[in-house]
Amino acid sequence: MLGICRGRRKFLAASLTLLCIPAVTWIYLFAGSFEDGKPVSLSPLESQAHSPRYAASSQRERESLEVRMREVEAENRALRRQLSLAQGRGPAHRRGNHSRTYSMEEGTGDSENLRAGIVAGNSSECGQQPVVEKCETIHVAIVCAGYNASRDVVTLVKSVLFHRRNPLHFHLIADSIAEQILATLFQTWMVPAVRVDFYNADELKSEVSWIPNKHYSGIYGLMKLVLTKTLPANLERVIVLDTDITFATDIAELWAVFHKFKGQQVLGLVENQSDWYLGNLWKNHRPWPALGRGYNTGVILLLLDKLRKMKWEQMWRLTAERELMGMLSTSLADQDIFNAVIKQNPFLVYQLPCFWNVQLSDHTRSEQCYRDVSDLKVIHWNSPKKLRVKNKHVEFFRNLYLTFLEYDGNLLRRELFGCPSEADVNSRNLQKQLSELDEDDLCYEFRRERFTVHRTHLHFLHYEYEPAADRTDVTLVAQLSMDRLQMLEAICKHWEGPISLALYLSDAEAQQFLRYAQGSEVLMSRRNVGYHIVYKEGQFYPVNLLRNVAMKHISTPYMFLSDIDFLPMYGLYEYLRKSVIQLDLANTKKAMIVPAFETLRYRLSFPKSKAELLSMLDMGTLFTFRYHVWTKGHAPTNFAKWRTATTPYRVEWEADFEPYVVVRQDCPEYDRRFVGFGWNKVAHIMELDAQEYEFIVLPNAYMIHMPHAPSFDITKFRSNKQYRICLKTLKEEFQQDMSRRYGFAALKYLTAENNS
């Protein structure tokens, strides 16, 4: 209360001062205009009319008076600024979170900002604060290409979403790889009040491919130059960001800076914080022309409508052509060309305070951009070293980055209060399906899981594979969680063909997996393994969703539906490709069965042939899979016949049959209602049988299950009676659905179940 009273007294004192100063000024001027009791005219003509001579002393008095008037006016302006600041702070403090608008810290258009002292530019001491309407949409453009950039941009998006209070519209200039990854990510992320549009970066290559570029960003590092042509014609302004940016504040504060642009200012940029454009980094260093230290283009404010009117396209092209005659290539991609244009046209740029782009490359002056953590707005990891860059406070910056890197993205699915967002068709359908569920149903959580949308990041690591031209290629498909990572290297050693894996991980675990993979020579030597992250949500392991994700994103005509705990025999990949031709899988509905065995030994001398496997089977080192706990699961494979078989043989479906099979890419998906443990593979094999697939056992193929601790879901199945009751209920409902879909042919499944 005392603080509020003091604040009011300061406000009142400033107000009275502002009112009194002009009055005192005019009294002073009026009194000063009398000499010996007579008025002294300020006009030379009046002075000449009243005085016989034009005295030098009168001239000096007038000059002195004019200087004093200018001083008083400057004092008045300073007081008005202080009063405006007091008014701005008072109500904002009282409104708190209920304010309909909010402001950004005062920037500067002064090109001498950095040279005059960067920290001084961080203050908010003058001018009326520009505002952003509560539900105004903020437009953000990002150029993103390839697997690594698609992964990096997620951290940027998280940091923006974490702080934002406005609807966002992302404009992503992406190649086909990034578009596939990010389109799936945003569709499954389902963040309210966020719209994403994609623009084909590959179609823009011809616009900039004529510019030689030495920067590691390649041709995509030049595409910010063509945004005026690429983005919609009705889009007036946009914030352009590099993928290696981290926000530490609400992006609306940066959006508000557009209101500060004056005259012909169309580019908002932060001065470059290294000596690159000064040309003194090394001997014979010859950078592109720039105004002073130049500007960094990691964060750009673009007034698109004005740039188009100024013929920006023609402006930058002519500049680039002229400079390339001497420079031959760009070193810093689009940044060199932007700076060359600004050098010729300095009026185009509005200089942002440097805390809007704290550049963490080596040898920068970034430490002058902030005095305290609260000064930070945007951190830019613009060194190829990224998190390994040298900086006095790099540990703090690294921790801030890692916070968003490992932050649970599901928590960012929050609604914006007071800004209703229009749900898309998928969201409306999902809400309708969930509303039809009975929350009092004891199996409600099981049923709900079927409709849960899990955030999915495809191709988390680089993937590069062209299927064999003979159309016989086979992809191994599996799913896993964090506790099975140790199986990856072993599987890669046993299977040289392409692999598609769905990993069920949290955001933090995804980063642990990334570090694990990058530290493994075996995994890094393989480019034909697709790692698809399905982020954790809910209490059940969505095993069939994971299988479907891995199945959907293969690039071969056939797939081997395996599990992560199995090691395929050496040479199985080539054997399956030959079997595909032998059994004419391309033109027939067949499911090739790979017989499954298991060992209870953690260290196993893996059999290199069928003869060696049979010997180990006889000695008790190996067993047929689950013979001691779930015989029905693999009994129809007929292991007795397999021992002596030399040619493929057909077997019939039986109740609870769940073999591991090789099928065409177009086979039906797994049923998502089955989660955790139980009936997830059984239901899929039943569906294949209903669609009249033939089950063919391969005589010279095998796979071995390696021992591991029981999963959490099988423990729940064994210990929780309600879990088992719900699984039985779901199984019955699945069989009823089968009867509706396949009619009379599906009756055998009910009969088989009753007889089992």
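Shown above is the structure to which this text applies.
What comes next concerns the included structure. Owing to the predicted nature of the structure, the values given are computational and were not obtained by experimental measurement. (Residues numbered from 1 in each chain as written. Predicted model: local features only at pLDDT ≥ 70, side-chain atom pairs only at ≥ 80, totals over all residues. Heavy atoms only, no water.)

1. With respect to the pairing of strand β18 (residues 529-535)
Thought 1: The element β18 is extensively covered by neighbouring structure, given that seven of its seven residues are classed as buried.
Thought 2: Alternating positions in β18 separate into two faces, V529, Y531, I533 and Y535 on one and G530, H532 and V534 on the other, with burial throughout.
Thought 3: Examined bridge by bridge, strand β17 (residues 499-505) and β18 share seven bridges and lie parallel to one another. When the bridges of β18 are listed, S500 appears paired with G530. (Buried < 20%, exposed > 50% of the residue type's maximum accessible area, 1.4 Å probe, protein only. Helix = DSSP H or I, 4+ residues; strand = E, 2+ residues; numbered from the N terminus. Pairing = 2+ DSSP bridges.)

2. Some details on the sheet that holds strand β10 (residues 267-271)
Thought 1: Taken together, seven strands build an open sheet; the order of strands is β7-β6-β5-β8-β11-β10-β12 and the sheet is mixed. The sheet terminates laterally at β7 (194-200) and β12 (349-352), the two strands that pair on one side only. Strand-to-strand, the axes of this sheet are offset by a mean angle of 25 degrees, without reference to chain direction.
Thought 2: Pairing between strand β5 (residues 138-144) and strand β8 (residues 237-241): three bridges, direction parallel. Bridge pairing in β8 links V140 to I239. (Axes fitted to C-alpha atoms, helices over the stretch in contact; angles between N-to-C directions.)

3. Some points on the sheet that holds strand β20 (residues 566-568)
Thought 1: Ordered by their spatial adjacency, four strands build an open sheet running β20-β27-β22-β23, and the pairing between neighbours is mixed. Strands with a single pairing partner mark the edges of an open sheet, and in this sheet they are β20 and β23 (623-624).
Thought 2: In this sheet, strand β27 (residues 703-705) lies alongside β20 in antiparallel orientation, the contact comprising three bridges. Bridged to F566 within β27 is H705.

4. Here we look at the state of the cysteines
Cysteine pairs can be linked by a disulfide, which is a covalent bond between their two sulfur atoms.
Thought 1: Following the criterion strictly, the structure yields two disulfides and no others.
Thought 2: The disulfide partner of C135 is C419, and the gap between their sulfur atoms is 2.1 Å. Between C135 and C419, the S-S dihedral sits near -95 degrees, and the bridge is therefore left-handed. Within this pair, whereas C135 is found in the loop between β4 (131-133) and β5, its partner C419 is found in the loop between α13 (394-405) and α14 (425-435), the two being separated by 284 residues in sequence.
Thought 3: A residue is classified by how much of its surface remains accessible, and C135, at 34% relative accessible area, is partly exposed.
Thought 4: Using a relative accessible area of 4% as the deciding quantity, one classes C419 as buried. (Disulfide = S-S within 2.5 Å.)

5. What to know about the packing of helix α24 (residues 712-719) against helix α25 (residues 721-742)
Thought 1: It is the contact of α24 with α25, at a shortest axis distance of 5 Å, that shows an interaxial angle of 95 degrees. With respect to each other, α24 and α25 are oriented roughly perpendicular. Here D713, K716, F717, R718 and S719 of α24 come into contact with α25, specifically with K721, Y723, R724 and L727.
Thought 2: Across the contact of α24 with α25, the residue classes tally to three nonpolar, one polar and five charged. (Parallel < 35°, antiparallel > 145°, perpendicular 65-115°, else oblique. Contact = heavy atoms within 4.5 Å. Nonpolar A, V, L, I, M, F, W, Y, C, P; charged D, E, K, R; others polar.)

As far as function goes, none of this settles anything; it's purely spatial.
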